[in-house]
Structures are given as C-alpha cells and as structure tokens.
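Structural description and commentary
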Amino acid sequence: MSDSSAASHGQSPSSTGSQSGTEQLTTADGTPLRISLRKAEARARRRAFFLVLPLLAFLLVTFAIPIVQMISRSVRNPEVSEYLPNTASAIQNWNGQEVPPEEVFAAMAADMEVGMENRTLGRAAARINREIPGARSTVLGTARALDEMSPPYKEAFIADDDGWTNLEFWRLIKRETRTITPVYYLLAFDYEYSPSGEIVERAEYYQVYRMLFLRTAWMSLLITALCILLGYPVAHLLATLPLKTSNLLMILVLLPFWTSLLVRTSAWIVLLQQQGVVNDMLVWLGVIDTDNRVRMIYNQIGTIVAMTHILLPFMILPLYSVMKTIPPSYMRAARSLGATQLRAFVTVYMPLTIPGLAAGVLLVFILAIGYYITPALVGGDTGIFISNLIAQNMTGSTAQLRLAAALATILLVAVLVLYWAFNKLVGVDRLKFG
Amino acid sequence: MRTTAKSVTLAMAASVVALAAAHAQDDSLTIVSWGGAYTESQDKAYHQPYAEKTGTEILQEDKSAQALAGIRSQVEAGNVTWDVVDMLQADAQRACDEGLIMEIPHDEWLAEAPDGTPPSEDFIEGTLGDCFIPQILYATMFAYNTEAFDGEGPQTIADIWDTEKFPGTRALQNIPQKNLEWALIADGVSPDEVYDVLATQEGQDRAFAKLDEIRDNIIWWSEGAQPPQMLADGEAAIATAYNGRIFNAQVNEDQPFEIMWDGQMFEVDGWVVPVGNDDELELIKDYLYFATDTQRLADQAKYISYAPARKSSVPKVGQHAELGIDMKPHMPTQDENFQNAVQFNTDFWADYGDALEERFNAWLAQ
C-alpha cells in the first residue's frame, strides 16, 4: 500500500516533466530532476517502510514466532532423551524381547540420581505414566529408595517394584528416546502406538478428536447456512428500502454487532435456560408444563443459536455492500424482457451478489470453526468445539501442552486448506468484504 | 537512518527492561487461590492482617483451578508471576516431582505451635509434602436444595443414583476425580476398596457405566462457586460441592440447602511456591510464616467451615466471626460428619489421573 502511494506521488511530476520539453530538467543545485526525484522517492519509501516497521515487528513477535513455537512444540518429545540420557543410550542395543540387562538398569540408576537431585525425574516419569498408568509410582518409588540399593541394580529394582519387569515400559522408553515424535499428531486423530510399536486406533472410549473435528466442521457449516438464510433477505431489504427505514434497520444490525460477545452470549443464557424467559413463556402459554421445560442451552442447540446470532452481521454487511451497488434497473430490464420476478432474481440479481455472499461465507465459516468462548459457555458437553478441547489440554491439571499444540496446528492447517480451496473455487480477489 | 532505528530499538528494549525491573522490585505478593467465599476467608484471616502489619500489597488471582498448568507454563516460559499458589495436595505432589515448585523446609520456614511443637509434627499426619504446606482439610460431598423434594432428600450415595425416588438434575464437577469413586460406591463397592477396583480396567468400565446411568440428569460445573448458584437457581436439585461453599450459602444467604455427609471425600489444600521466585523469596517466607501459624489457621475457620490442618489450631476453632454460630458442628472432621468419610487418594490419582482424565473427557464430549 505505502509503496504504491509513494510511486504514484512520484509519477505525476515526472510525467509533467517529460511533457514540458526535451531539455533535461535539473533542480536548483544542478542534479538532474530524474535522479533527484528517484532519491526522494526512495527516501519516501524508506520512511513508509519505517512507519509499518512497528506493525511488522509486532506481527513477528505476537504472531509468527508463537506459531512457529507452537508447531515445533507439537512434535518435540524431549523428556526421556533429556532427563534419562544414560538409559536412552544404553537401551539402544536392547532387543526388546526380555527384561533389559544390568547395564540398562545401572544407567537408569545413574539417571535417577541426577534426576532426583534436579527434580527432573518427575517430568520423565510423568511422560511415561501418560502411556503406562502407574509407571510414575514405579519410577519415583524406586528412585526414593535408591539410596539403600547397591548393584546389581536389576535385581534390586525388580525386588522393589515388579513394574520393572514390564516389557511395555522398556519398549516405550526405547521408542521415546526420539526427540521428534509424531505421537501427538497420532493422538489428535485418535491413533496411538501399540505396545509392539505399530500405529493402531485407540480404544473406543478414548476416541474423541476425530469426532470433534467433524462436529466442529458440520456445525460451522450449519451456522454458515443459517446465516445465509437469515442474512440474505435482511441485506436485500437494507439495500432496497428507502434510506430512512434502511438506516433504522442498519442500526438494528449494528447494535448487536458492537455489543460485547460475552454480553450477547449471556443474554442467550438468560433467554434459553430451563428457568429462562423462553421456557417461562412456553409454560405460560400452556405449550409445555413446568416439569418438562425444554433444554435449549448447554447443548448443540445453544451453540447453534448463539453463534448464528453473533456471526450474522459478518454475513449481512458484505452482502449489503454488494447489493447496494447493483442498479435496480437491471432487474427492471430483465422484467421488461419478459422474465418472471423469480427468474429475474435467480439469473440476474443472485449472480451479482456472489462476491458478497462468498465473502460472508468465508468470514462466518472461518470465524465459526475456531470459535471458543460461546461453545464453552453455552455448549454444555455436546455443543463444544475442537477449540474447547484444545483449551482443556492447555489448562487441566493433566494438561498436555504438546497435544494441544498438535490439535491447534491441525486446525490452523485445515483453515489454510479451506481458504486455499475457496480461493480456487471463487477467487479471493473477487470477494467484497464491505 | 540506521542509527535512528538502532536508537529506537534500544529505547524500546530499555523501557521493557525498566518495566520488568519495576515489576520485580515492587513490594507486592501475587497470591493465587480459588475465588469466592474461600478466597474471602483467606483475605480476612491472612491477607488483610498481613497487609496491615507490613504494608505489603497483596494481589489476588482466582486461578487455582488451573494451578498446575499455570505454573507449568510459567516455569517453562521462564516468566513466573505467581508468588504463592493455593493448590490441591495431589497437584502439588506432581508439581514437586516435576521440579516446578520449591522444596519447603517446614521447620525452618514456619512458625512453631504455641507449646513449642515443631511444624513438622504439628500438621496432621500425611499432609505435609516436600513442597507443600497444608492449610485446610475440606470435604467434597453432595448437597441438595430441600425445596426440590417434597419429603426427605437423598441420604446415601445410592440415593443419588435413584432418579425415580429423587428426581431432578444433578450438578457434578467436570473432572473424573471423586465422581468415579462415588459411582463405584453407588454400585456397591465398599469405600475402602474403591481405589483397588478403580485401578483395574473392569473397575473403570464399571464406574463409567454407572455414570452413564444418570448421564441425562447431569449438568457440569467447573468452578467451586457454581454449584451453590445452580442449586439456588433451581438448575440443579442435587450438586456436589465443597462443604465450605454450601455452608456459606446456608448461613450467609439463608439458602435452604442441606449437606449429605454420607460418602464425603476429604482432602487437603495448601500453599506452594513456584520456582523462579528467588527475588521475592524473603517476602514469600515472611508471609508464609505469618499465614500458617496456629492462630491464623484457626482464624480462617471463623469465616468458612474448613478444618485447620494444624493440630494445635483445632481447639482454637470457635464461633463464626460475624454470625456467632459455633463452627465445630460444620467441620468435615466432626465425628458425626466423618462416619462414612473416604480419604481422597492423591497417590492413586497421580498414577491414573492422566488416563482416566482423558477417558473422562472423551466420555463427556461423546
């Protein structure tokens, strides 16, 4: 933007210069005008760049770097190799068929001593425990008793806790020595490594993420469709009514748009909850009796209703801006050539609104797919989105930051792919955002 | 041009450093706790007297529900802003094992009992952790709104699962802890075998199947302040809650709530100090010395019905500060209330928490 404005500023004087004569023009100090102008342009361009520099730095620090960190975090797996370094190298020669030899146990004992000193052993134990429940106690329990043990450690460890004979435990450690791992992406698609190291589907009662990605997608689609259904006629009205009435209507669209998201979500809670306004009305009208109040919130209905309402202006505004530019004479021309009202609308008016419609769809769908706060507040357990599980993996007491990073990366890639596909289909340069 | 850029960058860097330094030097403590009536009781019993005595400004954050994840991310990022954190014993044990919080030499840091008993012997057995200073003993149990039932409310854990006899929505916390234990108890497992059963695959399946039975009658809460609100609003007839919260609603808000002590699960809650707080360590130690002495712990029981974790504080528990009612009958440790109590097993959850929490979350979202 700044470049082009600088260029256009420079262009007009130079073009007048060439018009006024063939003789080379110079400035007061004798330098040719062309060179002096180019200098001035370059300076202006540099200055313009300097102006956007803060924004660039801001974007780099708050946007680009965190995304790179997030992506790198989603594949990092440093616990075992970093906190159990001796074991990690000793176990490489182990064949995986019987309990490892003494040297592996001795390496483990050495790692434990360091790990207890630095209090890092718990991190390695926590990582292993995630895959083998109870392994944490085995590792930390033996580590606490390590002072009273003497070599050979293999016998001493096994006497202390028979968890040390578990081959799965050792195979896991061998597998976990890789510092880059796909395991969090596997988890994000409900797959995992089996004890023997193959990639398998997780037990059914752990499966949740694929279902949630799909749910997020179809609910976002549904919300987008509802927004078109509700927004299209409103935008048409806004664009065609006399100014006085359409201004009033516009305010009705914009007021909620300017109201805080949290306020609007809470308002829906007040309206839809079982002791809420809508239920009270239905009871009062005698449609339902008071023991059978409808549950319209803390489920999918709540999410769909609240989000459609919140995202509706993002559909109406681009549609309106496009519809406003369609001359009414086009429709009249179509009618005068014999088309019915419907035919004229479908073949003349609708195609002209596509840039606005496409922009609205893109805005609403992409905003919806990453929505967090509204599903969290009104979604209950069946109306939550993938972003809510990402948040859960970041905050719970058993938070899995790396899984959250993997899920977030998948979501990011999915949105980029959708954007790309949309661009192929409609052409982003054709969009009109209002 | 280049020099301007450089000087601007330098100026920006300098101001950032200056800001950070100003933050580190100021005489304030950031204390993280659970919010609501609980934070209020801490505020009155510990924070206000301490601020009066020393002039320290105490900043409070209600983030204890995410304490472990919060400390983990602050320590990993090398930017620790929390000075003292109120945390559950199980989480504190994990944080300690992972080196996220400081080891605490109790006898060195804390005040003796009035009779000279060292702190390490004055706190209730099994509650002191390497990195943990216990504060209170509290119970999580079921409570109900008496107006939701024509006759008597539920009396046992099995009654909670009886939706015919006791209809209405149940509000449970959206975590597996305690819910799975209660599900097994409702299914007939004796309280002292609950954790052995829950350690097996069959036991876990059984607990989830039992929860499935009342799934349609459950709404979920996440913050301790929610269940009293849900009971008061009529959104739930029965709710699990922390006993202090229900007590608060009973006496301060005159709510018609009743606590069902059967199957109460008690655990300990207390203070930890995240690593990376070396600059402010003296202030933190001074605060902890003050806030965990015998009198202060007994004082907290003037505002909320949690039992002090120091034995020497127990005889000092008296009457409610404002209402004058005797606090002893409302303590979870009172004989009558304690009959069918189950001790929450922090070791079990340290081992099985990951797997069960994952399964629970998947179960919730399905």
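Residues numbered from 1 in each chain as written. Chains lettered and ligands numbered in written order. Predicted model: local features only at pLDDT ≥ 70, side-chain atom pairs only at ≥ 80, totals over all residues. Heavy atoms only, no water.

The name that an unreviewed UniProt entry assigns to chain B is Spermidine/putrescine transport system substrate-binding protein, with the source organism given as Amorphus orientalis.

As annotated in an unreviewed UniProt entry, chain A carries the name Spermidine/putrescine transport system permease protein and is attributed to Amorphus orientalis. For the record of chain A, the UniProt heading Sequence similarities (unreviewed entry) holds the text "Belongs to the binding-protein-dependent transport system permease family. CysTW subfamily." As its UniProt record puts it under Subcellular location (unreviewed entry), chain A is described as follows: "Cell membrane". (UniProt positions renumbered as here; feature names shortened; annotations may be inferred.)

Describing empty space enclosed by the protein
Residue and element names in this part refer to chain B. Scanning all chains against the criterion turns up three cavities of 30 Å³ or more. Of the volumes computed, that of the largest cavity is approximately 100 Å³. In terms of lining, the largest cavity is formed by W34, Y38, L88, I136, Y138, Y242, R245, D269 and Y306. (1 Å grid on protein atoms, 1.4 Å probe; cavity = no way out; pocket = protein on both sides within 12 Å on 5 of 7 lines; lining within 4 Å. Points joined across faces, edges and corners; volume = space filled by probe spheres on them.)

Describing the packing of aromatic side chains
In this structure the tally under the stated criterion is 34 aromatic pairs over all chains. Centroid distance A:F345 to A:Y349: 5.5 Å. Interplanar angle 20 degrees. Geometry classified as stacked. With A:F345 and A:Y349 both in helix α17 (residues 341-369) and four residues apart, this pair spans about one turn of that helix. On the basis of relative accessibility, which here comes to 23%, the residue A:F345 falls in the partly exposed class. Ring plane angle 65 degrees and centroid distance 6.3 Å describe the contact between B:Y46 and B:W271, whose orientation is recorded as edge-to-face. Of this pair, B:Y46 sits in helix α2 (residues 36-54) while B:W271 sits in strand β8 (residues 257-272), placing them 225 residues apart in sequence. Neither residue differs from the other here; B:Y46 and B:W271 are each classed as buried. Joined through ring pairs, the aromatic side chains of A:F105, A:Y153, A:F157, A:W164, A:F169 and A:W170 make up one cluster. It is B:R215 that lies over the ring of B:W363; its NZ or CZ is 4.6 Å from the centre. (Phe/Tyr/Trp six-rings, centres within 6.5 Å; stacked < 30°, edge-to-face > 60°. Helix = DSSP H or I, 4+ residues; strand = E, 2+ residues; numbered from the N terminus. Buried < 20%, exposed > 50% of the residue type's maximum accessible area, 1.4 Å probe, protein only. Lys NZ or Arg CZ within 6 Å of the ring centre and 35° of its normal.)

Structural notes on a positive patch on the surface
Residues A:K39, A:R43, A:R46 and A:R47 make up a contiguous surface patch of positive charge. Classification of A:K39 by relative accessible area gives exposed; the value is 54%. (Patch = residues over 30% accessible without salt bridge, like charges linked within 9 Å, V, L, I, M, F, W, Y side chains within 5 Å. Areas by Shrake-Rupley, 256 points an atom, 1.4 Å probe, with all protein chains shown as cover. Salt bridge = Lys/Arg side-chain N within 4 Å of Asp/Glu carboxyl O. Lys, Arg positive; Asp, Glu negative; His and termini not counted. Charge placed at Lys NZ, Arg CZ, Asp CG, Glu CD.)

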